[in-house]
Amino acid sequence: MKILFVCLGNICRSPAAEEIMRQTLKGAGLEREVEVDSAGTYGGHRGELPDARMRAAAARRGYRLTHRSRQLCEEDFTRFDRIVVMDDMNYETVHRMAPSRALADKIERMRDRLSPSKFPDRTYIPDPYYEGAEGFELVLDMLEDACVNLLEDIGR
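The residue count restarts for each chain, going from 1 along the sequence in the order it is written. Under the rules for a predicted model, residues below a pLDDT of 70 receive no local features and side-chain atom pairs below 80 are neither given nor counted, while totals for whole chains, interfaces and linings still include all residues. The basis for every side-chain value is the complete set of non-hydrogen atoms in the structure, without hydrogens or water.

Further remarks concern the side chain of N10. Its place among the elements puts N10 in the loop between β1 (2-7) and α1 (13-27). For N10, a relative accessible area of 0% puts it in the buried group. Within polar-contact distance, the side chain of N10 engages the side chain of S38 at 2.9 Å. Non-local contacts of N10, meaning those with residues more than four positions away in its chain, are made with P15, S38, A39, G40, H67, R68, S69 and R70. Each helix is a run of DSSP H or I of at least 4 residues and each strand a run of E of at least 2, with the numbering of both proceeding from the N terminus. Partly exposed describes any residue whose relative accessible area lies between the buried limit of under 20% and the exposed limit of over 50%, with all areas from a 1.4 Å probe on protein chains only and scaled to the type maximum. Polar contacts, as used here, are pairs of N or O atoms within 3.5 Å; protein pairs need one atom able to donate a hydrogen and one able to accept it. Residues neighboring in sequence count only if both atoms are side-chain atoms. Any two residues whose heavy atoms approach within 4.5 Å at even a single point are treated as in contact.

Here it is in C-alpha cells:
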C-alpha cells in the first residue's frame with residue numbers, strides 16, 4: 001500500500017500528515033507494509049523543508065519533519081494507491097490533474113477520516129500558514145486523529 005498526502009505547497013499539512021502517518025504505522029508495526037509520501041499542487045516551494053513553525057510544533061510532539069517539498073506529478077497517480085488531500089481546493093486541483101477517471105478514483109479527502117465526535121464542524125484541514133501557533137496545533141490535532149482512523153480503514 002502506498003499513500004500520498006497532498007496540500008497546496010507541501011510545506012505544512014501534507015509533510016506533517018506524512019510523518020504522523022509514518023509514526024502511526026510504526027506504532028502498529030506496519031511501517032514496512034505501507035509507504036507514505038507527500039506533495040503539493042503548487043511547486044513554488046520545491047526542495048524546501050517544511051515551514052519552520054510546523055517543524056517546531058511537530059517537534060514538540062515528537063515528530064521530525066525532514067521531507068523536501070515537491071510538486072504532484074502525473075506519475076503519482078499510478079505510483080500511489082491512495083491520494084489524500086487536505087481541502088476542497090486541492091481536491092479539485094488534483095482531480096483536474098488526474099490522467100483518467102479511474103486514477104481520479106484514488107483521490108480522497110482527509111476530512112473524511114476525522115472523528116466526528118472530536119471535530120464535528122470541520123469540513124477540511126485548514127492551512128495554518130496564515131494562522132498563529134494555535135493553527136499549527138489544531139492541524140496537528142486533526143492530522144493525528146485522521147491518521148489513526150486512516151490506519152483503521154487500511155486494516156479493514
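Let us look at the side chain of N90. Turning to its location among the elements, N90 is positioned in helix α4 (residues 88-97). Within the local environment of N90, its side chain forms a polar contact with the side chain of T41, the two groups lying 2.9 Å apart. Each residue touching N90, except ones within four places of it in the same chain, is listed here: C7, L8, R13, T41 and V85.

Membership of the largest hydrophobic core comes to 32 residues, with the highest contact counts inside it found for F5, M21, M110 and L143. At 9 residues, the largest contribution of residues to this core is made by helix α6 (residues 133-155). Apart from the residues lying within four places of it in its own chain, the contact partners of L143 are R13, A16, A17, I20, M86, M110 and I125. Membership of the second largest hydrophobic core comes to 14 residues, among which are V6, F80, I83 and Y91. To form a nonpolar core, buried Ala, Val, Leu, Ile, Met, Phe, Trp, Tyr and Cys residues must be joined to one another through side-chain atoms within 4.5 Å.

For the rest of this paragraph, the subject is the packing of aromatic side chains. Geometry of aromatic contacts follows a simple scheme: Phe, Tyr and Trp rings, the Trp one being its six-membered ring, pair when their centres are within 6.5 Å, and the pair is stacked under 30 degrees between planes, edge-to-face over 60, tilted otherwise. In the structure shown here, the tally under the stated rule is 1 aromatic pair. Two conditions define a charge located above a ring, namely a distance within 6 Å from the ring centre to NZ of Lys or CZ of Arg, and an angle within 35 degrees of the ring normal. The ring of Y91 carries the charged tip of R109 above its face, separated from the ring centre by 3.5 Å.

A carboxyl oxygen of Asp or Glu within 4 Å of a side-chain nitrogen of Lys or Arg is what we treat as a salt bridge. Inspection of the entire model under this criterion finds 22 salt bridges. Ionic pairing is found between D37 and R79, a salt bridge with its closest N-O pair at 3.8 Å. In this pair, D37 sits in strand β2 (residues 35-40) while R79 sits in helix α3 (residues 74-79), placing the two residues 42 residues apart along the sequence. Taking the relative accessible area as the measure of exposure, D37 reaches 12% and is therefore buried. The partner of R53 in a salt bridge is D51, and the shortest N-O contact between them spans 2.9 Å. What you see here is one network of salt bridges that share partners, running through K2, E35, D37, R70, D76 and R79.

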